[in-house]
Amino acid sequence: MQPNDNVLADLFSNDGSRRNVSIYLAFLVVAFLYHASVFWFIMGDDIQSKYAQSEYVIEFEESSEIFTDSRTIDDGEKATIDFTAPSNLFDSNSGFGLLLITITYTETSGEFGDPCDTISADLSVTDVSADWKNENNELSGVSSDCEAISLLLHVYPDYDGESMDVVGMDELYWSDTWSNSSYGQGMFQLDVEVIVNEPITSGIPTVSDTNEKVDVTWEPVFFEVSVRENS
Amino acid sequence: MILEIYLFDIVKTWQKLHFNQQFNLNVDEQNLLFIGAILSIALGGLSLRLVRQNSKLPWNEAIAAHILCLMFITKGIQNAAFGYVNSGSEGDVWQFWFQLAFAMDYIFESSIMAIALLYPVPLLRNLKQVKIGLGFVVFFALFRLTLDAMGFNLSAFALFGFFYFATAIIWGSVYIRFRLIPKEQQNQSTQNISLLSGLFTTLVLGHIWMWWPGFILQSEYFYFLDPFGQTLTTTTWDYIWGAGYAIGIAAGLTIISVEIYQAVRGNLNHLLYVVSPYFVLGVIGFLIYSQGSDAGFAVKSNTGENVQLWSTFTTGLHFTIIRPLIAMYILLKFNLLDINEKTKPMAKTMSIVLIVVATSAILELVQSIIPINQMISAALLGILIALGLGWEEKSFQTLVSNPSHIRRDLDSKWFPDLKISRKHISRIEIACLLYCLISLLVSFIVWEFDIILEIMSERSA
C-alpha cells in the first residue's frame, strides 16, 4: 500500500487503533488537568508560600539558686574559691544562662577608725565551656569601701535572658539550639585578694588589722526555653 | 534529560555565591557526572563511526542513528560541564560551564524530538514534512540559545519540559498503536516497534517514573519542584516543567498497565522488565523522599543522607548509566550498526567500555556507602569486570547474531521511501559541530557579561 502523507490517518486507521490511541491521549489530558488543578488550586497556596519562612518567638523562664561561701583571707594573700553547679540543675533545665557572683565584706577588725580593706576579685578563665569573651561579662572587680563586688559571666552563648524573635527553620531546630547542657559544666574559680588598710590607731601596739572575712554568693541562672510560632 | 538531577548542585552554587553558605558537594554525584561524560562521549563517538559505515540503513534510520550518536556526544559534554559547575571553582567561570550545559541540553531535547519524528516509524512522510519537522527542532534549539545570549535565560518562552510532552505523545501513541494491534495483525515487527517506542520513552522519562506516587498522592517532593529556586524561575516556569513530568508519568503508567495486561494474556514483552523497576523504585522513593520537604530534584546537601543516596542511586544512575545502556542496546539490537568482521572489533570495544566504566562507577558508589578496603575493592572490581566481560562476550554475540527487525511483514505504508542522500545526512554532523561552536561562543559571552549573575540579582530583587 502506498504511504499516506498524513501519518495520523494511519495511527487512527481502524476502530481499534482509533479507540486505543484516543483513550491514551485522553488519559494524558486527564493527567495534565489533574496536575494543573493540584498545582494551582489544591496545593496552590502551599506552593506559592513554599519559600515563606515562619517566624518564632523564643522565650526563657529563668530559675536560680543561691550558694554561699565564706573565707577569711590574710593581708596580701589570695584565696581561690571554687564553684561547681549541681548536676540536677542541668537535668531540670534547658541550659545554664548566666553566673552571677557577689562578693561582700565589712570591716571586721573592730578597731576604732579602721577603714574598709581593699578586696579584689577575679573570675579565672577555665576550661568550662562558656561565653568567656562576651563583651558584657564582668569578670573582675575591686572594692575599697565595703561595697559589694558584682561579677557576671554569660555562660550560654548569646543568652541575655530576653525573649527574641527569629525567622526560618522550625520549632524543633530553635528548641534544640537553646537546649545544650554542655555549657557551664565544670569548676569555676574565683580568686579573691585582700589588702588590709590599717586603722589610724595602728601605731598602738595592741591595735592591728591583719585579715578580712569575705562572703561569696554564687547564683547560677538556669533557663527553660519555650518556642512558639509567631502568628 | 540530565539537566534536572544536577539542579540541586546549582542551587548550592547559588547559595555559595549569594548566601555565603558552606559549599557542601555531594562528591558521589559529582564523580558520577564525569563518569557519565566519559561514557557518553566514548559511546557516541565510536557509534558514530560505525553508523557512518552502515550504508544499508533506510533514510529515517540513518538520520535517527546519526542524531542518537551525536546526542550522546553532546550529552557527555553537558555532563562534564555540570561537573565543572559543581566542582566549586573560584570566580565566576561557572557561568560559562552552566551556559554550556544548557546549550547542550537544548540540542539533547531537540535531538529527542527529531528521533521521535523519524524512528521507529517515520511520522514525517515526505520531504516537505521532513524539512518542516527537522527545521522546527533545529529552530527550537537555536531559539533557546538566542534567548540565553540575549539575557532571557530560563524564561517561560523557552518552553522547558516541552520535549516531555513530545516524547509522551509521539512515542506513546506509536507504542499504543503497535502494542495493542489486533492479534491477527501482530508479528515480530509490530512487537519490536512497540518495544523500541517503549525503550525510547524509558530513556527520556525513566527518572520521572520514579516519582509517580508523589504525583498521584500530591506530595510536596513532586509539586514543590523548583529546580532553580525563586531567584531564577517563576511559578509559571515551574508549572510548565512539572506538567511535562505529569504527562510523562501518565505515559509510563499507561505503558506498564498495557504490558501487565499483555503479559497476563500471554503476550509478554521484555519491555515489562525494563519499565517495572522504575515503578517499584517509585514506591520506595516515595517513602524516602517523604521524609523531607525537598523536591525530588532539589535534594540539597543538608538533607538527610538517605535522601541523597537514594537520589544518587536512582536518578543519577538513570542519567549516567542506564541511558547509554539503552541507547547501546537499541543501536546493536536494531541493526543501526552494521556489525561485520571489519566493524566487529570496534563494536566490541564499545560494549567493553560500557561494561568497564559502568561497573567501576557502580562499585565506586557502593564503596561510598560501605567503606571497603582499597585492595578488596580493586580485587572486586577485577572480578566484576571479568564476569562482565564474560557476560559481554555471550550477550554481544546474542545481540549481533540475532538482530531485530521492524519492517519485516509490516505494511510498507509505514515506511515511505524518501530519496535523501548520505551526503545530506552526513551534514547533520557538521550542523552539530557548528551548533557546539556557537554554544561555546554564547557561553563565553554569558560568562564575560555576567548575564546569569545579573539575572539572578534582578529576579531575586
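Just so you know, these numbers come straight off a predicted model, no measurement behind them.

**Student:** How would you explain the overall build of chain A if you had to name every residue and give the values?
**Tutor:** A count of helices and strands for chain A gives five helices and ten strands. Relative to its full complement of 231 residues, chain A shows a buried share of 38%. Intrachain contacts of chain A at a sequence separation of at least 6 include 79% that bridge at least 24 residues. Accessible surface, chain A: about 12500 Å² in total, of which carbon and sulfur atoms supply 49%.

**Student:** Describe the overall build of chain B, naming the residues involved and giving the relevant values.
**Tutor:** From N to C terminus, chain B includes 17 helices and zero strands. Put simply, chain B has 461 residues, and 60% of those count as buried. Within chain B, contacts between residues at least 6 apart in sequence are counted, and of these 80% link residues at least 24 apart.

**Student:** I'd like a description of the interface of chain B and chain A, backed by residues and values.
**Tutor:** The interface is formed by 44 residues belonging to chain B together with 32 residues belonging to chain A. At the boundary of chain B with chain A, total buried surface from both sides reaches about 3400 Å², with 66% on carbon and sulfur atoms. Contact with chain A buries surface across chain B, with B:Arg125, B:Tyr223 and B:Tyr239 losing the most and accounting together for 20% of the total. Counting the contacts that link chain B with chain A gives two salt bridges. For the pair chain B and chain A, the number of links is eleven residue pairs in polar contact (both at pLDDT 80 or more). By residue number, the principal contributor to the side of chain B that touches chain A is helix H11 (residues 235–264) of chain B, which donates twelve residues. The residue makeup of the side of chain B that touches chain A, split by class, is 23 nonpolar, 14 polar and seven charged.

**Student:** How would you summarise the side chain of A:Ser94 if you had to cite specific residues and measurements?
**Tutor:** Residues and elements named next belong to chain A. Looking at where Ser94 falls in the secondary structure, it is placed in the loop between helix H4 (87–92) and strand E4 (95–105). Accessibility expressed as a relative area gives 8% for Ser94, which makes it buried. Once residues lying within four places of it in the same chain are set aside, the contact partners of Ser94 are Trp178, Ser179, Asn180, Ser181, Phe223, Glu224 and Val225.

**Student:** Help me get a handle on H11(B), residues and values and all.
**Tutor:** Residue and element names in this part refer to chain B. Helix length check: H11 (30 residues) gives 43 Å between terminal C-alpha atoms against 44 Å at 1.5 Å per residue, within 8%. Most of H11 is tucked away, with 22 of its 30 residues classed as buried. Count one or two residues on from H11 and you reach Gly266, which has phi positive near 90°.

**Student:** I'd like to hear about the confidence of the model for chain B, residue by residue, with values.
**Tutor:** All names here are of chain B. Overall, the prediction assigns chain B a mean pLDDT of 84, with 88% of residues at 70 or greater. Taken element by element, the predicted model of chain B shows its lowest mean pLDDT in helix H1 (residues 7–19) (41) and its highest in helix H7 (residues 188–209) (96). Contacts of residues 1–25 to residues separated by more than four positions or lying in other chains number 97 contacts, the stretch itself having pLDDT below 50. Scored below 50 in pLDDT, residues 296–302 shows 28 contacts in the model against residues more than four places distant or in partner chains.

**Student:** Give me the environment of A:Asn14: which residues, what numbers.
**Tutor:** Note that A:Asn14 resides in the loop between helix H1 (7–11) and helix H2 (15–42). Dropping the residues within four chain positions of it, A:Asn14 is found in contact with B:Arg177 and B:Gln185. Separated by 2.8 Å, the side chain of A:Asn14 and the backbone nitrogen of A:Ser17 make a polar contact.

Definitions and limits used
- Residues numbered from 1 in each chain as written.
- Chains lettered and ligands numbered in written order.
- Predicted model: local features only at pLDDT ≥ 70, side-chain atom pairs only at ≥ 80, totals over all residues.
- Heavy atoms only, no water.
- Helix = DSSP H or I, 4+ residues; strand = E, 2+ residues; numbered from the N terminus.
- Buried < 20%, exposed > 50% of the residue type's maximum accessible area, 1.4 Å probe, protein only.
- Contact = heavy atoms within 4.5 Å.
- Areas by Shrake-Rupley, 256 points an atom, 1.4 Å probe, with all protein chains shown as cover.
- Buried area = accessible area lost by both parts, 1.4 Å probe.
- Salt bridge = Lys/Arg side-chain N within 4 Å of Asp/Glu carboxyl O.
- Polar contact = N/O pair within 3.5 Å; in protein donor to acceptor, adjacent residues only side chain to side chain.
- Nonpolar A, V, L, I, M, F, W, Y, C, P; charged D, E, K, R; others polar.
- Expected span 1.5 Å × (residues − 1).
- pLDDT = per-residue confidence, 0-100.

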